[in-house]
Amino acid sequence: MKKVKLDIIGLSYSQTQSGAYALVLGEVNGRRRLPIIIGAFEAQAIAIEIEKMVPSRPLTHDLFKTFAQTYNVQITEILIYNLVEGVFFAKLICTDGETIQEIDARTSDAIALAVRFNATIYTYEFILSSAGIVIEGNDFLFLENMDNIPKDQGSEDIGTSIPGANYKNLSIEELNQKLQEAIAEEAYEKAARIRDELNKRNSA
């Protein structure tokens, strides 16, 4: 089957569905986007690596990476290989330099590891054709109503969220204080949003 290479376009959180995040993957050299519903913890695990934030203690995916590399195992590829009843399935393609192994994984975990190992992300053409969205123009895909978007396996039990906050009314001093508090609490998704607001203020 034909494989399609994907890049991470971004993360979008819903204002209407509590605890729901969409991981948006994009077709390389194409206009199709593949949104996948994931939980807040998985979204945070992906976001902090993309944003190059360093947690005070290793997170689960960081521990997995250290463990794998200690035994000379590398993840070279992530493959989203199936979509069954609205749930995505993925696997890790791993090697120790001599043999190649495939390990089943939730898609969100696979992506969180892909960004840590710099592994290439692929899916099959039939999945992108059935679940992908074609984007016209250069607008980013923001998803407010996520009820019909396919999910990562295990994300159906989403029940908690990282609360969104309106930071526009806070001073720069207050934002810096909240940023330090968020990092200390290891609330990295929140910290990223505060940092974005600070960057907007500084560039204005």
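A quick note: this is a predicted structure, and the numbers were derived from the prediction, not measured. (Residues numbered from 1 in each chain as written. Predicted model: local features only at pLDDT ≥ 70, side-chain atom pairs only at ≥ 80, totals over all residues. Heavy atoms only, no water.)

## Digging into the packing of aromatic side chains
Thought 1: This model, assessed by the stated rule, comprises three aromatic pairs.
Thought 2: Considering the side-chain rings of Y124 and F126, the 6.2 Å spacing of their centres and the 20° angle between planes classify their relative orientation as stacked.
Thought 3: For the cation-ring pair, K3 lies above Y122, with the distance from its terminal atom to the ring centre recorded as 4.5 Å.
Thought 4: The cationic tip of K91 hangs over the ring face of Y81; the distance from NZ or CZ to the ring centre is 5.1 Å. (Phe/Tyr/Trp six-rings, centres within 6.5 Å; stacked < 30°, edge-to-face > 60°. Lys NZ or Arg CZ within 6 Å of the ring centre and 35° of its normal.)

## Describing the environment of A47
Thought 1: Tracing the backbone through its elements, the reader meets A47 in helix 1 (residues 40-50).
Thought 2: Between the alpha carbons of A47 and A112 there is a distance of 8.5 Å; along the sequence they are 65 residues apart. (Helix = DSSP H or I, 4+ residues; strand = E, 2+ residues; numbered from the N terminus.)

## Points about unusual backbone geometry
Thought 1: With phi around 60°, N29 is a residue other than glycine that occupies positive phi space.
Thought 2: By secondary structure assignment, the location of N29 is in the loop between strand 2 (21-27) and strand 3 (32-38).
Thought 3: For N72, which is not a glycine, the phi torsion comes out positive at approximately 60°.
Thought 4: Along the chain, N72 falls in the loop between helix 2 (60-70) and strand 4 (74-84).
Thought 5: Accessibility expressed as a relative area gives 56% for N72, which makes it exposed. (Buried < 20%, exposed > 50% of the residue type's maximum accessible area, 1.4 Å probe, protein only.)

## Describing the pattern of salt bridges
Thought 1: A full pass over the atoms with the stated rule returns eight salt bridges.
Thought 2: With a shortest N-O distance of 2.8 Å, E125 and R32 are connected by a salt bridge. Residue E125 is located in helix 4 (residues 125-131), and its partner R32 is located in strand 3; the two are separated by 93 residues in the primary sequence.
Thought 3: As a salt-bridge pair, K91 and E102 come within 2.9 Å of each other at their nearest N and O atoms. (Salt bridge = Lys/Arg side-chain N within 4 Å of Asp/Glu carboxyl O.)

## Here we look at the layout of surface pockets
Thought 1: By volume, the second largest pocket amounts to about 210 Å³.
Thought 2: Taken together, 13 residues line the second largest pocket, and the ones lying closest to its centre are I8, A114, V115, A119 and I121.
Thought 3: Contributing elements (two or more residues each) for the lining of the second largest pocket: strand 1 (3-13), helix 1, helix 3 (107-117) and strand 7 (120-124).
Thought 4: Take the lining of the second largest pocket: its biggest share by element is four residues, from strand 1.
Thought 5: Its residues assigned to classes, the lining of the second largest pocket shows seven nonpolar, two polar and four charged. (1 Å grid on protein atoms, 1.4 Å probe; cavity = no way out; pocket = protein on both sides within 12 Å on 5 of 7 lines; lining within 4 Å. Points joined across faces, edges and corners; volume = space filled by probe spheres on them. Nonpolar A, V, L, I, M, F, W, Y, C, P; charged D, E, K, R; others polar.)

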